[in-house]
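The primary structure of each chain is shown beneath.
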Amino acid sequence: MRLSKRRATTLNRRTRFLHQHRKQRGTLPCLETNGTQVYAYWKRGEGLDVSVHLDTGEVPADVISPDGTIPIRITVNGDCVFSAD
């Protein structure tokens, strides 16, 4: 699947940052975009933890592949470390 520049821009503009709440100790910092959630947080004794959740049920149908998956590419400092189409 290839997203057009216009569609990618539209999807990216809907992104919001959810910060960790002081009163709710179980919450973690999260980027939420079009039904997906990406958490990035420091975990004691382990370092930086990044977790991707694609199961919110609100992912637009046009970004889901025919087999029901969502293409993902993860980079670290510009280098691709994981890719799933």
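Residues numbered from 1 in each chain as written. Predicted model: local features only at pLDDT ≥ 70, side-chain atom pairs only at ≥ 80, totals over all residues. Heavy atoms only, no water.

So what's going on with the overall build of the protein? Residues and values would help.
Each helix and strand in the protein was counted, giving one helix and six strands. Reading the secondary structure of the protein in the N-to-C direction produces α-β-β-β-β-β-β. Taken along its principal axes, the extent of the C-alpha atoms in the protein is 40 × 30 × 25 Å. Scored against the burial criterion, the 85 residues of the protein give a buried share of 19%. Looking at the protein as shown, the accessible area adds up to about 7,100 Å², and 50% of this sits on carbon and sulfur atoms. (Helix = DSSP H or I, 4+ residues; strand = E, 2+ residues; numbered from the N terminus. Buried < 20%, exposed > 50% of the residue type's maximum accessible area, 1.4 Å probe, protein only. Areas by Shrake-Rupley, 256 points an atom, 1.4 Å probe, with all protein chains shown as cover.)

Tell me about the environment of Arg16, and please be specific about residues and values.
The residue Arg16 is located in strand S1 (residues 16-18) in this model. Arg16 sits in the partly exposed class, given a relative accessible area of 46%. Put simply, Arg16 and Asn34 are 18 residues apart on the chain and 9.5 Å apart in space, counted from C-alpha to C-alpha. Residues in contact with Arg16, not counting those within four places in the same chain, are Cys30, Leu31 and Glu32. Within the local environment of Arg16, its side chain forms a polar contact with the side chain of Glu32, the two groups lying 2.6 Å apart. (Contact = heavy atoms within 4.5 Å. Polar contact = N/O pair within 3.5 Å; in protein donor to acceptor, adjacent residues only side chain to side chain.)

Shape is all these values report; function is a separate question.
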